[in-house]
Amino acid sequence: MASQSAVPSRADIGVIGLGVMGSNLALNIEDHGFRVALWNLTHASVTRLIEDSDANRQFVGTRTLEEFAAVLDRPRRILLMIKAGAPVNEMLEKLAPLLAPDDVIVDGGNSLFTDTQRREVFLRASGVRFIGMGVSGGEEGARNGPSLMPGGDRTAYNHLRPILESIAAKTDSGPCVTYVGPDGAGHFVKTVHNGIEYGVMQLIAEAYDLLRRGLGLSAAQTSAIFANWNGGPLASYLIEIAAQVLSVRDPETGNPLVEMILDQAGQKGTGKWTAQAALDLGVPVPTIAAAIDARVLSSMKAERVHASQLLVSDATARMAGDTDELARSIRDALGAAIACTYAQGFALLRAASAEYDWDVDMREIARIWKGGCIIRARLLDPIIQAFGRAPDLANLLLDADFRPEVLAGEAALRLTIGTAVEHGIPVPGLSATLGYFDSYRSAVLPQNLTQAQRDLFGAHTYQRIDRPDAGFVHTDWPGLIASAATGGKS
Ligand code: 6PG
């Protein structure tokens, strides 16, 4: 723990990588009475953080990794806040020879979970324990309380626990950190978090488009509507910041700033990883997939502008009807779709947990997402309750108390999508969500025809509904087709 002397010579934990996230986490950790060793590729960032901080801060600046390792109390605790990918591999290779068995390295970047699995195995050979930790909440969260999703060696988690619990966001359900599971579980949970983030952001963007272009409301009016929605069941960080962003004016032009921003969404890849993992695990996440496609389509600006001159439609974006009523319908549609997005994310997490033997506690994940992270939302309370009642729940849509979150907005979802389609306003997220909902609630789907076609062209076989015990059977389709063509007279 921190002594009262000015500059300590030893540290409780070390942070490597002093970008905004690393610096803010270092400050947050030190705020809670821990002595923090600092190292950065360019030493100037270490000097700057120390110089910009209060002189009483318990920071130990170091110039070399050897010095960094030497000042840490043992077993060492090291937090990497560096760019995901090759830089993490390189850092682990440099650090491993400087460390001793039982030391703990935490990768707090947005790493691919399979990289984390591989790195844990690599470090295990030297007895160094590894934690892959999802960190959410952006700069503000890192500084004042993020949501933390650590996975890896459980004993290593226990060693880190006092620090992580003290720096994490706090809600009425406790600190937003828990041991998620072994090897890549922490980074996988963060990946699913980001997939849900993509889905919800796309749905919010569609609601904004319907309000702005469809109903002809101003940015200020849409801001007021989002602020109002944030006071009800939709209450969440992403709705709150949508309201805030829409209220800001561009100091240069006086226009709403959002309208001066080019409509091309970027992405760093975590959303894509969610969809890739979902495809690998055979779990449908159509809202998330639609959100990724929507970002990709948005980035094709020049092509879209060209197409807009060629593919002219009679549909006009402007909707007729009672504005308040349509806005309420958009709100309820959004609520239902957001609930379905969380349902998809949790279903994916459940499948991964089963596949990799992680034994992830879904209730705990919902609990640690209640504060600090980007997808914090009031909706997480019914999710916590649902997994509290049924830890192994296959899909949130099956829970008696969560179901109404979707059913209450079902009619509005249909109405909103129908109106959007009629007016040519793209709603890929909302539509994909309704398709998911309708498919999931259908006892009968048309894939009997798909099976028949597969059997016809590839002898892939199919199962019969009247003889489930018969297993997979094949039909001589050409013979039966010829017979059908002749009305059975061959
Ligand atoms: C968080 C965010 C964060 C994410 C950025 C950018 O939880 O704090 O998810 O980790 O990396 O929001 O993501 P994209 O560039 O992919 O949109």
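Scope of this entry: the structure provided in the associated data block. Computed from a predicted structure; not experimentally measured.

Attention now moves to the overall build of the protein chain. Looking only at helices and strands, the protein chain has 20 helices and 11 strands in total. For the protein chain, the spread of C-alpha atoms along the principal axes amounts to about 95 × 65 × 45 Å. Out of the 490 residues belonging to the protein chain, those deemed buried represent 50%. Long-range contacts, defined here as pairs at least 24 residues apart, represent 69% of the contacts in the protein chain between residues at least 6 apart. When the accessible surface of the protein chain is totalled, it reaches about 22800 Å², and 55% of it is carbon and sulfur. Placing the 44 positive and 55 negative side-chain charges of the protein chain at their respective mean positions leaves the two points 1 Å apart.

What follows covers the packing of aromatic side chains. Centre-to-centre distance and the angle between the planes together describe a pair of aromatic rings. Applying the stated criterion to the full structure yields 11 aromatic pairs. Judged by centre distance (5.5 Å) and plane angle (70 degrees), the ring pair of Phe113 and Tyr356 falls under edge-to-face. Pair noted here: Phe113 is in helix H5 (residues 113-124) and Tyr356 is in helix H14 (residues 323-356), with a separation of 243 residues, a long-range link. In this structure Phe113 comes out as buried when scored by relative accessible area, which is 8%. Exposure remark for Tyr356: the relative accessible area of 30% places this residue in the partly exposed category. Each ring, one from Phe113 and one from Trp358, has its centre 5.9 Å from the other, and the planes form 85 degrees; the classification is edge-to-face. Placement of the pair is Phe113 in helix H5 and Trp358 in the loop between H14 and helix H15 (362-368), with a sequence separation of 245 residues. Counting every residue linked through ring pairs, the aromatic cluster contains Phe113, Phe188, Tyr356 and Trp358. Lying over the aromatic face of Tyr198, Arg295 brings its terminal NZ or CZ to 3.6 Å of the ring centre.

Two elements in contact, helix H8 (residues 185-214) and H14, have axes whose closest approach is 10 Å; the angle formed by their N-to-C orientations is 165 degrees. In terms of orientation, H8 lies roughly antiparallel with respect to H14. At the point where H8 passes H14, the crossing takes the right-handed sense. Counted together, Phe188, Val189, Val192, Ile196, Gly199, Val200, Leu203, Ile204, Ala207, Leu210 and Leu211 of H8 and Ala327, Ile330, Leu334, Ala337, Ile338, Thr341, Tyr342, Gly345, Leu348, Leu349 and Ala352 of H14 form the full contact between these two elements. Of the residues belonging to the contact of H8 with H14, the class tally is 19 nonpolar, three polar and no charged.

Before going further, it helps to examine the sheet that holds strand S2 (residues 36-39). Strand order in the open sheet made by the seven strands is S3-S2-S1-S4-S5-S6-S7, with mixed pairing throughout. Each having just a single partner strand, strand S3 (59-61) and strand S7 (147-152) make up the two edges of the open sheet. Averaged over all pairs of adjacent strands, the angle between their axes in this sheet comes to 25 degrees, without regard to strand direction. As paired strands, strand S1 (residues 13-16) and strand S4 (residues 77-80) are joined by three bridges and run parallel to one another. Of the residues in S4, the one forming a bridge with Gly14 is Ile78. Of the strands in this sheet, strand S5 (104-107), strand S6 (129-136) and S7 are in contact with H5, which crosses S6 at around 150 degrees.

Moving on to the environment of Arg35. You can see Arg35 is positioned in the loop between helix H1 (20-31) and S2. The buried category is assigned to Arg35, whose relative accessible area is 14%. Residues Arg35 and Pro146, spaced 111 residues apart in sequence, show a C-alpha to C-alpha distance of 19 Å.

What surrounds the ligand is a group of 13 residues, the closest being Ser136, Lys190, Glu197, Tyr198 and Arg295. Taking Gly137, its main chain carries an N or O atom lying 3.0 Å from an oxygen atom of the ligand. Between the ligand and Asn194, the relevant distance is 2.9 Å, taken from an oxygen atom to a side-chain nitrogen or oxygen of the residue. Expressed as a share of its isolated accessible area of 420 Å², the protein-covered part of the ligand is 80%. At five residues, H8 tops the list of elements feeding residues into the shell around the ligand. Classifying every residue of the shell around the ligand by side-chain character gives two nonpolar, seven polar and four charged. The residue makeup of the shell around the ligand includes at least three contributed by each of domain 1 (4-183) and domain 2 (190-440).

The rules behind each value
Residues numbered from 1 in each chain as written. Predicted model: local features only at pLDDT ≥ 70, side-chain atom pairs only at ≥ 80, totals over all residues. Heavy atoms only, no water. Helix = DSSP H or I, 4+ residues; strand = E, 2+ residues; numbered from the N terminus. Buried < 20%, exposed > 50% of the residue type's maximum accessible area, 1.4 Å probe, protein only. Contact = heavy atoms within 4.5 Å. Areas by Shrake-Rupley, 256 points an atom, 1.4 Å probe, with all protein chains shown as cover. Lys, Arg positive; Asp, Glu negative; His and termini not counted. Charge placed at Lys NZ, Arg CZ, Asp CG, Glu CD. Phe/Tyr/Trp six-rings, centres within 6.5 Å; stacked < 30°, edge-to-face > 60°. Lys NZ or Arg CZ within 6 Å of the ring centre and 35° of its normal. Axes fitted to C-alpha atoms, helices over the stretch in contact; angles between N-to-C directions. Parallel < 35°, antiparallel > 145°, perpendicular 65-115°, else oblique. Left-handed = near helix turned anticlockwise from the far one by under 90°. Nonpolar A, V, L, I, M, F, W, Y, C, P; charged D, E, K, R; others polar. Pairing = 2+ DSSP bridges. Near = heavy atom within 4 Å. Polar contact = N/O pair within 3.5 Å; in protein donor to acceptor, adjacent residues only side chain to side chain. Domains from an automatic or database assignment.

Interpretation in functional terms is not warranted from these geometric data alone.
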